[in-house]
Amino acid sequence: MALDEAPPFWWRDSSWQAWLLSPLSFAYGRAAAKRMSFSATASIPIPVICVGNFIVGGAGKTPTVELLAKFLRRRGIRPGVLSRGHGGAITTPTVVRRDKHNAHDVGDEALLHAMHNITVVSTDRPAGAKLLLDQGCEIILMDDGFQNPSLEKDFNLVVVDAKRGLGNGFAMPSGPMRVPFKHQLLHADAILIIGEGMRGDKVLRLCSRAGKTVIRATVAPRKKPEAKPYFAFAGIADVSKFTDTLSDLGLELKGAEAFGDHHFFTDEECAELLSRAERANAKLITTSKDAARLKGMGEKQSALLEACDILEIELKIEDENLIDSLIDKAIETATLRKLAAQKQSSQITA
């Protein structure tokens, strides 16, 4: 479910709708927590760092994965990104090729990851991890999959959007939590809070009291767009974050259009956006994810993409040493895991 399509009461601290649905949330939460507690059914002989979130919808996992990949490349370590390919038709383990695949094939996030990293899409995460290993990757970065127990992980980094936080704190369908918070927190090794906001501050206090490492980050544009009137559009989890960023940069917005998360633009929508920008005497601007969903999708989509400026963002970390420490911990855990597996194997064969 896309964040912008989620019920508004998910983001209110208290509502009768949430309490009315709470028996269903209790049952769902128990089942989801039980599944999350299952032992991993598969492991891979290289470190696995999972980037996940507590709630449904976007929180900033994609730029977080890219941040980790950048740190790994800086250290001479070859990362591989494992994605389930949300929104894509390909489900079997596949290496993403930007000159071959489009968003209909592999989803928008995988296309972005593939710009700088070997990327595999697979709904079967252990099989996807094996393919990355075969590609010569030395560390696997999982984009999502925190609640999925199928592949053993060496470090779980959970991303929180400070504006949304944990929503109303209820599990689905009463709220946006994938699994009850206390249970998820047990499995988290560190929390990355992106942005500023009271909800993010609340998560920081809860996680700090639980003894979890908390990392703060902000979103910044790689390059500030030119000072001109813009008409913005996006199909991401929380479009207001995009428009707020444009406003914070001091850009003039003549209008904005929001679409559902991972939205594929029709020919009619492309023509309408071009027309609206022309009537507003403004330049179109969109996000990197939307640009990925337009690339290679048809003549109208290509025309729309050609007419757009793209706001590319990156994360800025307050304490970069924490990222290196995170990577070191994942490598150490993976080494101990591998040694334990070798010891167990030798005992069995003895």
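Note that the coordinates shown come from a computational prediction; the quantities given were computed from them, not determined experimentally.

S.K.: How would you summarise the environment of V106 if you had to cite specific residues and measurements?
M.R.: Within the secondary structure, V106 sits in helix α4 (residues 103–106). Accessibility expressed as a relative area gives 1% for V106, which makes it buried. Put simply, V106 and K241 are 135 residues apart on the chain and 25 Å apart in space, counted from C-alpha to C-alpha. Those residues in contact with V106 that lie beyond four places of it in its chain are G85, H86, G88, I90, V96, H101, L111 and V121.

S.K.: Before we move on, can you summarise empty space enclosed by the protein with the specific residues and values?
M.R.: Throughout the structure, instances matching the rule amount to one cavity of 30 Å³ or more. A volume near 50 Å³ is recorded for the largest cavity. Taken together, N53, F54, I55, G58, A59, V159, V160, D161, R164, G165 and L166 make up the lining of the largest cavity. Of the residues forming the lining of the largest cavity, the biggest block, three residues, is contributed by strand β6 (residues 155–161). Among the residues forming the lining of the largest cavity, the class breakdown is six nonpolar, three polar and two charged.

S.K.: Help me get a handle on the pattern of salt bridges, residues and values and all.
M.R.: Summed over the entire model, instances satisfying the criterion amount to 25 salt bridges. The partner of R178 in a salt bridge is D144, with the nearest N and O atoms 3.0 Å apart. Note that R178 is positioned in the loop between β6 and α7 (181–187) and D144 in the loop between β5 (139–143) and β6, a separation of 34 residues in sequence. With respect to burial, R178 and D144 carry one shared label: buried. A salt bridge links E257 to R276; its shortest N-O distance comes to 2.5 Å. With E257 in strand β10 (residues 253–258) and R276 in helix α10 (residues 267–279), this pair connects stretches of sequence that are 19 residues apart.

So, how was this worked out
Residues numbered from 1 in each chain as written. Predicted model: local features only at pLDDT ≥ 70, side-chain atom pairs only at ≥ 80, totals over all residues. Heavy atoms only, no water. Helix = DSSP H or I, 4+ residues; strand = E, 2+ residues; numbered from the N terminus. Buried < 20%, exposed > 50% of the residue type's maximum accessible area, 1.4 Å probe, protein only. Contact = heavy atoms within 4.5 Å. 1 Å grid on protein atoms, 1.4 Å probe; cavity = no way out; pocket = protein on both sides within 12 Å on 5 of 7 lines; lining within 4 Å. Points joined across faces, edges and corners; volume = space filled by probe spheres on them. Nonpolar A, V, L, I, M, F, W, Y, C, P; charged D, E, K, R; others polar. Salt bridge = Lys/Arg side-chain N within 4 Å of Asp/Glu carboxyl O.

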